[in-house]
Amino acid sequence: MDKNPPPARSCAVVCVPSEVNATVNCLPRPSGEAQLLQVKLKRNIKYKGHQYFYTVNMKNVLAGLATLKEMHSEYKDITIDESATFNTDDQPVEADKSKLDPEKVRPIDETKRAEQPKNPEMETSDAANGEQADQSKSDPEKEKEELRPGLALDTCMQPPDIAQELLSYGDGIFSIVPAQGNKPVGFFAIPKLEAMAFPVLFPTGQNTLDEVRPIQLSPSMYFNARLFSADRRFAMDQSYLFFSQFVTETHMAKNSMSIQLRKGKPFTRDGRKISNRMLQDNHEVQKLITNKDATRFMQPLRGTPAYWEKALKDLYAMVRQVGKPTFFITFSAAEMRWPEFIEIIKAQQGESVDFDQLDWNAKCDILRSNPVTVMRMFAKRVDALMNNLILSDGQPIGEVEDFFYRVEFQARGSPHIHLVVWIKDAPKFDDDEVCEFIDQYITCQLPDPDADPELHKIVCEVQIHSRNHSKSCKKGNNVCRFDFPRTPMDKTVVTNPDDRKDHELMVK
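Note that this is a predicted model, so its numbers are computed, not measured.

1. Describing the overall build of the protein
Working step 1: Broken down by element type, the protein carries 19 helices and seven strands.
Working step 2: Residues classed as buried in the protein amount to 31% of the 508 residues present.

Shown next as structure tokens:
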């Protein structure tokens, strides 16, 4: 529920039950252990896009399912049909109609299937396809909304190899829709839903969130223990990360909503009583949202408008009490320059790596494999920066009275913080000694390469505005919206806006 969510996650996380029996039993069985099967898992059989695309060995899949039947409490009733065989001539899938919905599995290679012998079940699927095609012709706008473009994906999980996806699209691939037509279920209403949704993480179906314990754990405490544990399987599973965030925020929202209902005011700000009829009127609901009466319960949820509105009010209160902040500072993560990030993640995986021998793509893959560890280490870095540098007894920027910072994420997912700091006895902006105060803590001079070569290298690489301006510089049809390069000056000068230009702009 971020205020500015990333483009890859465009909708809410929902739990939709899938048919395990139908999904497994509809796929053909290989005659040899070396034969593989390409499978796409989709949300709807009509979509060209997919959620997952795997090349699987059905022998391993069946062996894994048999193991789950023995160990997992929720998989004991699953039946495995051994009658289907792998057909090397690309024949249509043969399956029992009572176990398989023809709209939930379909070979993609339509040209080869046209040359094959007719199959009643596939004819039924073709007829359904024809009806759907006629409906789509009659309603092109609906078709445009329903169909997904070629390789567009609805989640952050990308296929492991886009090139393989392009080469193999439509060539003997089975499209499976395990949950098409099923209704979403509530997490807190279905027991053992976590174990059923993630059988690899819970092979025995035990120790889930809803497990009965002597000391009951809240979702936040439970998922922190899971993600921060030595078992890195949970932290490395992106689906489980989104799932844990969804469950935690839902629990927080319900608790906050319960409190707001007990504290809630039955009247609007203009004195009218809130009734059922009022909530059915879109105009009245919009007024409640505008007056913050309908979104107050979202304050504990990080990233929501109500959460940031509260943070903004806290910042305004600090400005009223302490005055204008002295410094505005931005700290960006340099995970590509911090060897310990890469080394710790590989050490968790039981491997060692030479940081200097890795290229950019290899570093990205390692960091992406464990985002929880990356964020924890960045948080530790921020804490060390504040406690051991800015707030230390050395006072590198002066004695700090107060501070406020916010963590943000760039488009590539790297975190950074924006920090405002109040310095004790700092001069006001209009005072004469403000330039001397600035020169005391800020410099534009390059460090001496002989005295401190490492600092000189870092400043030259990350603290100099390049003449090759980026897209961010050119926003708003500007050559550089930060006005670089700037004219060099012998001393620090505070320039004020030209009142005449402001007056001319106001007249225009």
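2. Regarding the side chain of Lys 192
Working step 1: Tracing the backbone through its elements, the reader meets Lys 192 in the loop between strand 4 (173-176) and helix 7 (193-197).
Working step 2: One polar contact links the side chain of Lys 192 to the main-chain carbonyl oxygen of Gly 205, over a distance of 2.8 Å.

3. Thoughts on the sheet that holds strand 5 (residues 327-332)
Working step 1: One open sheet accounts for three strands, arranged 5-7-6; its pairing is antiparallel. Edge positions in the open sheet fall to strand 5 and strand 6 (400-409), since each of these has one partner strand only. Across the sheet, the mean angle from the axis of one strand to that of its neighbour is 20 degrees, orientation sign disregarded.
Working step 2: Two elements, strand 6 and strand 7 (residues 415-423), share nine bridges in a ladder whose sense is antiparallel. By the bridge assignment for strand 7, Asp 402 is matched with Trp 422.
Working step 3: Contacts from helix 13 (residues 305-322) reach strand 6 and strand 7 within the one sheet, and its direction differs from that of strand 6 by about 155 degrees.

4. Quick word on the packing of helix 14 (residues 339-348) against helix 15 (residues 360-369)
Working step 1: Between helix 14 and helix 15, the shortest axis-to-axis distance is 10 Å and the interhelical angle comes to 55 degrees. Here helix 14 lies oblique to helix 15, going by the angle between them. Handedness of the crossing formed by helix 14 with helix 15: left-handed. The residues of helix 15 that touch helix 14, namely those facing Phe 341, Ile 342, Ile 345 and Lys 346, are Lys 363, Ile 366, Leu 367 and Ser 369.
Working step 2: In the contact of helix 14 with helix 15, the residues fall into five nonpolar, one polar and two charged.

5. A closer look at unusual backbone geometry
Working step 1: Looking along the chain, the bond that leaves Phe 484 and enters Pro 485 is cis, with omega of 0 degrees.
Working step 2: When you line up the elements, Pro 485 lands in the loop between helix 18 (453-462) and helix 19 (499-507).
Working step 3: Its identity as a non-glycine residue notwithstanding, Lys 192 has a phi of 60 degrees, on the positive side.

6. What about the pattern of salt bridges?
Working step 1: Applying the stated criterion to the full structure yields nine salt bridges.
Working step 2: Measuring nitrogen to oxygen at the nearest pair gives 1.7 Å for the salt bridge that ties Glu 340 to Arg 381. Within this pair, whereas Glu 340 is found in helix 14, its partner Arg 381 is found in helix 16 (residues 371-390), the two being separated by 41 residues in sequence.
Working step 3: Residue Asp 365 is joined to Arg 368 by a salt bridge in which the shortest nitrogen-to-oxygen separation is 3.0 Å. Separated by three residues within a single helix, Asp 365 and Arg 368 lie in helix 15, roughly one turn from each other.

7. Focus on the side chain of Asn 57
Working step 1: Summarising the element assignment, Asn 57 is placed in the loop between strand 2 (52-56) and helix 2 (58-71).
Working step 2: The exposure class assigned to Asn 57 is buried, which follows from its relative accessible area of 16%.
Working step 3: Within the structure, the side chain of Asn 57 is placed 2.9 Å from the backbone nitrogen of Lys 59, a separation counted as a polar contact.

8. Notes on the pairing of strand 7
Working step 1: Judged by how many residues are buried, strand 7 sits mostly within the fold: eight of nine residues are covered.
Working step 2: In terms of strand pairing, strand 5 meets strand 7 through six bridges, oriented antiparallel. Within the sheet, the bridge partner assigned to Phe 328 lies in strand 7 and is Val 420.

9. Digging into the environment of Arg 226
Working step 1: Position of Arg 226 among the secondary structure elements: in helix 8 (residues 219-227).
Working step 2: Look at Arg 226 and you get buried, because its relative accessible area is 18%.
Working step 3: Between the C-alpha atom of Arg 226 and that of Ser 244, which follows or precedes it by 18 residues, the distance is 9.6 Å.
Working step 4: Excluding residues within four positions of it along the chain, Arg 226 makes contact with Phe 202, Asn 207, Asp 231, Phe 234 and Tyr 240.

10. Considering the nonpolar core
Working step 1: Ranked by internal contacts, the top residues of the largest apolar core, which has 28 residues, are Leu 367, Ile 390, Ile 397, Val 421 and Ile 423.
Working step 2: At the level of elements, strand 5, helix 14, helix 15, helix 16 and strand 7 are the ones that each hand at least two residues to this core.
Working step 3: Apart from residues lying up to four places away in sequence, Leu 367 is in contact with Glu 335, Met 336, Phe 341, Ile 342, Ile 345 and Val 374.
Working step 4: By size, the runner-up hydrophobic cluster in this structure holds 18 residues, among which are Leu 193, Leu 201, Tyr 222 and Phe 234.

Conventions we followed
- Residues numbered from 1 in each chain as written.
- Predicted model: local features only at pLDDT ≥ 70, side-chain atom pairs only at ≥ 80, totals over all residues.
- Heavy atoms only, no water.
- Helix = DSSP H or I, 4+ residues; strand = E, 2+ residues; numbered from the N terminus.
- Buried < 20%, exposed > 50% of the residue type's maximum accessible area, 1.4 Å probe, protein only.
- Polar contact = N/O pair within 3.5 Å; in protein donor to acceptor, adjacent residues only side chain to side chain.
- Pairing = 2+ DSSP bridges.
- Axes fitted to C-alpha atoms, helices over the stretch in contact; angles between N-to-C directions.
- Contact = heavy atoms within 4.5 Å.
- Parallel < 35°, antiparallel > 145°, perpendicular 65-115°, else oblique.
- Left-handed = near helix turned anticlockwise from the far one by under 90°.
- Nonpolar A, V, L, I, M, F, W, Y, C, P; charged D, E, K, R; others polar.
- Salt bridge = Lys/Arg side-chain N within 4 Å of Asp/Glu carboxyl O.
- Core = buried A, V, L, I, M, F, W, Y, C linked by side-chain atoms within 4.5 Å.

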